Amino acid sequence: MTVRRRIAVATAGFGALAVAAITLAPLVGSTSIDLRRALDWSVPFADNVDAQIFFVARLPRTLAGALVGASLATAGVVFQGLLRNPLATPFTLGVSSGAALGAMLAITFDWTLGIAGISAVPAAAFAGAACAVTIVYALARAHRRGLSTDILLLAGVTLNAFFSALILCVQYFADFADAYRTLRWLMGDLDVSSYQPIITSLPLVIVSFFVFAWLARPLNLLSLGVDSAETRGLAVTYAQRSAFFSASLATGAAVSIGGPVGFIGIIVPHLVRLIVGSDHRVVLPASALFGAAFLVGCDVLARTLIAPVEIPVGVITALIGGPFFLWLLVRRT
Amino acid sequence: MILTTIFFARITQLAKNQKILRWFFVFFVSFACFAMRPSAGAIGQSSTAPSRIISLIPAVSEMLFAIGAGAQVVAVSSFDEYPAEVRKLPRVGALLDPDLERILSLAPDLVVVYESQTDLRRQLERASIPMFIYKHAGLADVTTTIRLLGGRIGRDAEANALVTRIDAGLAGIRARVAGRPKPRTLLVFGRDALALRGIYASGGVGFLHDMLIAAGGENVFADVKQQSVQATSELILARAPEVILELRAGDMTAEQRKREEDVWRVLSSVPAVRSGRVSIINDPLTVVPGPRVAEGTELIARLLHPDTFAQ
């Protein structure tokens, strides 16, 4: 099968899955709604509870899930390719703990964005992520020209530990309720109840996806090793830098919407690779679509399993993804 | 990774505490049996009224002042704010970070501690410092605690008088709202600033739920037998509360309060939003399970039944 054909088949297959998940997810929830009434435009929106549950509660939540899932899964693929380490996740290089520190500070000190009048938690999370990325990048290129992936990895892991300590420190002195809310934020939550965070993050995700599309070929070359990639004419440093910043951008955007939802960035890429092989030209689009479907599916379980009480979506992704991934791993080897 | 770290820290802490508690219980029982000593003094049953009291619980500090033992209080927790006298007293930490050294240096003859502070309790025990152990649960426990505290520090009469006053206050509110329709209420105690995210509301058990019921309301989450419920937008839309009350700590300007109340407009089909019955209560009265519970309950009752309290 030619590459073009394989891309088409994988995209069609995983695309169908994603479309199915996104269409079906808003139909179920902790309450049952009358879909005909929800879509009945003759009833004023302000009076139509079913329509409000559908359009204010469920639809933004589903779209947020799809966007976050797609971003984290593809960012995982790119980080694994960049660091040439199968254990890399979007959170390995400190992006999530930087974001968590930002969110924690915003929650504890009740920050708001003055004129815009919106909650500062997503913005602070994004700023924290950007801060972590900058520090890691500066460290990785401090000593020699180019980008050292070893230093990148070590700096990221150390920064993660350092930020985690800062988070615990702020949390220790924070109000009890605020500490609990931060802990909950760390488990991931997609109940955005408005389209605004999705619209804000969408341009960032689109930009990084364009870079990912260009990165597929360089990542394939990088998987042969830096030296072979260089001899085949790849501008290695340029590719590494693009990969690092675009994947960080996608991760930061995703985390600012839904918090650091765990496991997506490692399970989805590996699952997809087990099915379609390791060519990044196929893996990247397939991971985006499957990541979206997987997180939307997990979120449906999160809000319906023990309704009206909700299970944090990060707990579901780990509980389902972990064993499933291990099973696949054992079956294949 | 952060999550796991925090979780493990919490879980090991919990497990440790429980183990210590069990170990401690075994030790205590065997000590009482084999040493053939009366257990008086073990948890500090001193016969004279204490004259140097430290309270690690804001609600209990309030109680001590309300039953006339304010002069005996020598230190309070880092969260104490009421009555005004406590602001001048030394602070010795709180639930998670009690400062044992400072507590000991103040030579107290009674320390009020939380039941869950097992480490601190063991340390104070070793130093033979008498303790009053505080358990926090529902509204009814407030008066129980006041009575026990009064008995412990030799101020039964004052404690009973205070309990009578609180009961009368609550009974008065109950009488005024009796027979009135009970508005279905969402009682929120946590939410992200300026967004409908991270909303935590009172479930069907605990002090806040009890206050809401006493104030003549019906809790929309009465069926969830937990102290707190994470209220998603879908749940709020489906439960359709007639009144939304939000408890907020910290000072807020009128403009800030207005902006926060306006955030709810997105959920326009919720009856409380349509009829403009969304209120932010920016008053510590409603969050301290102390002697002012009747006043706190009245604050809620006034918002639930504005007509009844209009005169």
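Scroll up to find the structure.
Keep in mind that this is a model prediction, so the values were computed, not measured. (Residues numbered from 1 in each chain as written. Chains lettered and ligands numbered in written order. Predicted model: local features only at pLDDT ≥ 70, side-chain atom pairs only at ≥ 80, totals over all residues. Heavy atoms only, no water.)

K.L.:
Can you help me understand the packing of aromatic side chains in this one?
P.N.:
For any pair of aromatic rings, geometry is given as the distance between the ring centres together with the angle between the planes. Throughout the structure, instances matching the rule amount to 11 aromatic pairs over all chains. Residues Phe162 of chain A and Phe163 of chain A carry aromatic rings whose centres are separated by 6.2 Å and whose planes lie at 45 degrees to one another, so their mutual orientation is tilted. A relative accessible area of 7% means that Phe163 of chain A is categorised as buried. When the centroid spacing of 6.0 Å and the interplanar angle of 75 degrees are considered together, the rings of Tyr114 of chain B and Tyr134 of chain B count as edge-to-face. Note that Tyr114 of chain B is positioned in strand 3 (residues 110-114) and Tyr134 of chain B in strand 4 (residues 131-134), a separation of 20 residues in sequence. Each of the two residues, Tyr114 of chain B as well as Tyr134 of chain B, counts as buried. A network of ring pairs unites the aromatic residues Phe14, Phe290 and Phe294 of chain A as a single cluster. Cation over ring: Arg292 of chain B sits above Tyr82 of chain B, and NZ or CZ is 3.4 Å from the ring centre. (Phe/Tyr/Trp six-rings, centres within 6.5 Å; stacked < 30°, edge-to-face > 60°. Buried < 20%, exposed > 50% of the residue type's maximum accessible area, 1.4 Å probe, protein only. Helix = DSSP H or I, 4+ residues; strand = E, 2+ residues; numbered from the N terminus. Lys NZ or Arg CZ within 6 Å of the ring centre and 35° of its normal.)

K.L.:
What is the right way to look at the interface of chain A and chain B in this model?
P.N.:
Reports of interface size often rely on the accessible area that becomes lost once the parts have come together. Taken residue by residue, the interface counts 49 residues in chain A and 37 residues in chain B. Taken together, both faces of the contact between chain A and chain B bury some 3,700 Å²; the carbon and sulfur share is 58%. For the interface between chain A and chain B, the tally reads two salt bridges. For Asp47 of chain A, the salt bridge is made with Arg274 of chain B, and the minimal N-O distance between the two is 2.3 Å. There are 13 residue pairs in polar contact (both at pLDDT 80 or more) connecting chain A and chain B. Those elements giving two or more residues to the side of chain A that touches chain B turn out to be helix 3 (49-83), helix 4 (95-108), strand 2 (118-119), helix 6 (149-173), helix 7 (176-186) and helix 10 (236-258) of chain A. The element that contributes the greatest number of residues to the side of chain A that touches chain B is helix 3 of chain A, accounting for seven residues. (Contact = heavy atoms within 4.5 Å. Buried area = accessible area lost by both parts, 1.4 Å probe. Salt bridge = Lys/Arg side-chain N within 4 Å of Asp/Glu carboxyl O. Polar contact = N/O pair within 3.5 Å; in protein donor to acceptor, adjacent residues only side chain to side chain.)

K.L.:
Sorry if this is basic, but what is going on with the nonpolar core here?
P.N.:
Generally speaking, nonpolar side chains in soluble globular proteins are found buried as a group. Core analysis: the biggest nonpolar cluster contains 86 residues, and Val68, Val78, Leu152, Trp185, Phe244, Ile264 and Val272 of chain A have the highest contact counts within it. Looking at this core element by element, the count peaks at 11 residues for helix 3 of chain A. Setting aside chain neighbours within four positions, we find Trp185 of chain A in contact with Ala99, Ala100, Ala103, Ile107, Val121, Ala125, Val255, Gly259 and Pro260 of chain A. Formed by 48 residues, the second largest nonpolar core is a distinct cluster that contains Phe207, Ala215, Val293 and Phe309 of chain B. (Core = buried A, V, L, I, M, F, W, Y, C linked by side-chain atoms within 4.5 Å.)

K.L.:
I would appreciate a short explanation of the sheet that holds strand 1 (residues 53-55) of chain B in the present structure.
P.N.:
Within a sheet, adjacent strands bond to each other through the backbone by hydrogen bonds, running parallel or antiparallel. All names here are of chain B. The parallel open sheet is built from four strands, whose spatial order is 2-1-3-4. Unpaired on one side and paired on the other, strand 2 (73-75) and strand 4 mark the two borders of the sheet. Within this sheet the neighbouring strands show an average axis-to-axis angle of 30 degrees, counted without direction. When strand 1 meets strand 3, the two strands line up parallel, connected through three bridges. Across the sheet, residue Ile53 finds its bridge partner in strand 3, namely Leu110. (Pairing = 2+ DSSP bridges. Axes fitted to C-alpha atoms, helices over the stretch in contact; angles between N-to-C directions.)

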